[in-house]
Amino acid sequence: MKRCPECRRDYYDDTLLYCLDDGNALLQGPASAAKSEPPASAGGQSDDGPQTAILHSTAAPGEAPTRAQIHATEQTAVLPSGITEVPKTKGFDKRLILAPLVLAVIVLGGFFGYRYVTQAKQIESIAVMPFVNESGNPDGEYLSDGMTETLINSLSQIPNLSVKARSSVFRYKGKEIDPKKVASELGVQAILTGRVLQRGDQLTLSVELIDGLTENTIWGNKYERKGSDLVALQSEVARDVSSKLKSKLSGADAAKVEKTYTANPEAYQLYLKGRFAWNRRNIESLKQAAEIFKQAIEKDPNFALAYAGLAETYVLFSQYNVASSNARMPQAKAATTNAMELADSSAATHAAPQAY
């Protein structure tokens, strides 16, 4: 037990050194022990002077014991009622701040990592579904069908990309498309759909690239152009779609995808009309196709695709009893030669020679 020599308050906590009321050093034992100490002249201290706390004896054998002097300050610590000890202050744990920061980094890293992996994944197979003619005029079907076919041919120039042929996708023409079902039936990763609206010279094209597994939209865009910008529009759409399918194309591959075979919009529209007639495959439509391809060539004598279309039409004349093969095959061969010389790299120009 310890006691304050001034106020005589007893403390049972041996770890305290100073009185909590007046700040005086505490002494071992009751107040009577303090009074029984020798006077100051004998090596002790009088009751009038400050009392000292005896910590331990440092005297050698035979010597008078010495006292360790602890000086009390005049200021006292003011503590809440009932508290007899000053609580120990613990150091601030930095982990309390670091933990949520580390967690935030992990969450953000996972999010951006997922986006990076998802975006970096390249699409290796696609089906370009027949574009829908929203003009309300059957005469506009040549445009929606022609843009679909042209885009199929353009995307087919991308290395290591499987693009479903026209014959595979056009069986879905005029039907409601279930992207997940169609992707499964055709065995592709992505579906590209489009809608074409033509009002006078104003042309609006809306396209959407859809994930065949999740049915989520990967990308979509809306183009509003003049009819005279149709050639440039086809090239622009092919470039935009290819950029969403592959992370990077070489300069040569990009040039193949964006290639246009004529700068004349009238020749290009005539070509699309001729191809539309050719695909109907009957006597009248084939005759019509031949005449339209000739008109396209008149508009642009260097239009390789128009020569290729004309060659393919002449080849079918004998099969559909439009004309004998002896009468038209020389013309078909001549048209093919022109097409090959003008654009040897075009897949479309290789179609006619394979028929004879």
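For the structure, check the block above.
These remarks concern the structure in this document. (Residues numbered from 1 in each chain as written. Predicted model: local features only at pLDDT ≥ 70, side-chain atom pairs only at ≥ 80, totals over all residues. Heavy atoms only, no water.)

A count of helices and strands for the chain gives 11 helices and 9 strands. Burial status across the chain gives 37% buried among its 356 residues. Relative to all contacts within the chain whose residues are 6 or more apart in sequence, the contacts with residues 24 or more apart total 57%. Put simply, the chain shows about 20700 Å² of open surface, and 53% of that area lies on carbon and sulfur atoms. (Helix = DSSP H or I, 4+ residues; strand = E, 2+ residues; numbered from the N terminus. Buried < 20%, exposed > 50% of the residue type's maximum accessible area, 1.4 Å probe, protein only. Contact = heavy atoms within 4.5 Å. Areas by Shrake-Rupley, 256 points an atom, 1.4 Å probe, with all protein chains shown as cover.)

Summed over all chains, the structure comprises 13 salt bridges. Between Glu-258 and Arg-239 there is a salt bridge; the shortest N-O distance is 3.9 Å. Here the residue Glu-258 occupies a position in helix α7 (residues 251-258), and Arg-239 occupies one in helix α6 (residues 230-245), the gap between them amounting to 19 residues. Overall, Arg-239 belongs to the partly exposed group, its relative accessible area being 35%. One connected set of salt bridges, linked through shared partners, spans Glu-149, Arg-166, Arg-275 and Glu-312. (Salt bridge = Lys/Arg side-chain N within 4 Å of Asp/Glu carboxyl O.)

This part covers the pairing of strand β9 (residues 217-226). Strand direction decides the pairing type here: strand β8 (residues 202-211) and β9, joined by 9 bridges, are antiparallel. The residue of β9 that forms the bridge with Glu-208 is Gly-220. Where β8 folds back onto β9 in an antiparallel hairpin, the turn is made up of 5 residues, including Glu-215, whose phi is positive at roughly 65°. (Pairing = 2+ DSSP bridges.)

Turning to the packing of aromatic side chains, a few remarks are in order. Considering all chains together, one arrives at 3 aromatic pairs under this definition. Residues Tyr-271 and Phe-293 carry aromatic rings whose centres are separated by 5.9 Å and whose planes lie at 45° to one another, so their mutual orientation is tilted. Placement of the pair is Tyr-271 in helix α8 (residues 265-280) and Phe-293 in helix α9 (residues 283-299), with a sequence separation of 22 residues. Here the aromatic residues Tyr-271, Phe-293 and Phe-303 are joined through ring pairs into a cluster of three or more. (Phe/Tyr/Trp six-rings, centres within 6.5 Å; stacked < 30°, edge-to-face > 60°.)

Burial along strand β4 (residues 125-128) is two-sided: the residues Ser-125 and Ala-127 and Ile-126 and Val-128 are all buried. The pairing of β4 with strand β7 (residues 190-199) spans 3 bridges and is classified as parallel. Within β7, the position partnered with Ile-126 by the bridge is Ala-190.

Here the focus is the nonpolar core. Grouped together as the largest cluster of nonpolar side chains are 69 residues, with contacts concentrated most on Ile-126, Leu-155, Leu-205 and Leu-245. With 10 residues, the single largest contributor to this core is helix α10 (residues 304-319). (Core = buried A, V, L, I, M, F, W, Y, C linked by side-chain atoms within 4.5 Å.)

Quick look at the side chain of Thr-150 now. Relative to the assigned elements, Thr-150 resides in helix α3 (residues 141-155). Only 2.8 Å separates the side chain of Thr-150 from the backbone oxygen of Gly-146, close enough to count as a polar contact. When sequence neighbours within four positions are dropped, the list of residues in contact with Thr-150 reads Gln-234, Tyr-268 and Leu-272. (Polar contact = N/O pair within 3.5 Å; in protein donor to acceptor, adjacent residues only side chain to side chain.)

Right, let's get into α10. With 16 residues, α10 should cover 22 Å at 1.5 Å per step; its first-to-last C-alpha distance of 24 Å lies within 8% of that length. Across the 16 residues that make up α10, a large majority, 14, are buried. Phi turns positive, to about 60°, at Asn-321, one or two residues after α10. (Expected span 1.5 Å × (residues − 1).)

Next up on the list: the packing of α8 against α10. The geometry of a pair of packed helices is captured by two quantities: the angle between their axes and the separation between those axes. Running from N to C, α8 and α10 point in directions that differ by 20°, and their axes come no closer than 10 Å. Relative to α10, the element α8 is oriented roughly parallel. The two elements α8 and α10 cross, and the hand of that crossing is left-handed. The residues of α10 that touch α8, namely those facing Tyr-271, Arg-275 and Trp-278, are Leu-305, Ala-306, Gly-309, Glu-312, Thr-313 and Leu-316. (Axes fitted to C-alpha atoms, helices over the stretch in contact; angles between N-to-C directions. Parallel < 35°, antiparallel > 145°, perpendicular 65-115°, else oblique. Left-handed = near helix turned anticlockwise from the far one by under 90°.)

With that settled, consider the side chain of Glu-141. Along the polypeptide, Glu-141 turns up in helix α3. Among the polar contacts listed, one links the side chain of Glu-141 to the side chain of Asn-133, at a separation of 3.2 Å. With residues near it in sequence (within four places) discarded, Glu-141 still touches Asn-133, Lys-173 and Phe-276.

This brings us to unusual backbone geometry. Phi is positive for Glu-215, close to 65°, though the residue is something other than glycine. In this fold, Glu-215 is placed in the loop between β8 and β9. Here the phi dihedral of Arg-281 falls at roughly 55°; this positive angle occurs in a residue that is not glycine. With respect to the element layout, Arg-281 can be found in the loop between α8 and α9. For Arg-281, a relative accessible area of 33% translates into the label partly exposed.

Strand order in this open sheet of 3 strands is β2-β1-β3, and the pairing throughout is antiparallel. Each edge of the open sheet is held by one strand with a lone partner, namely β2 (10-11) and β3 (27-28). Here strand β1 (residues 2-3) pairs with β3 via 2 bridges, running antiparallel. Note on β3: the bridge partner recorded for Arg-3 is Leu-27.

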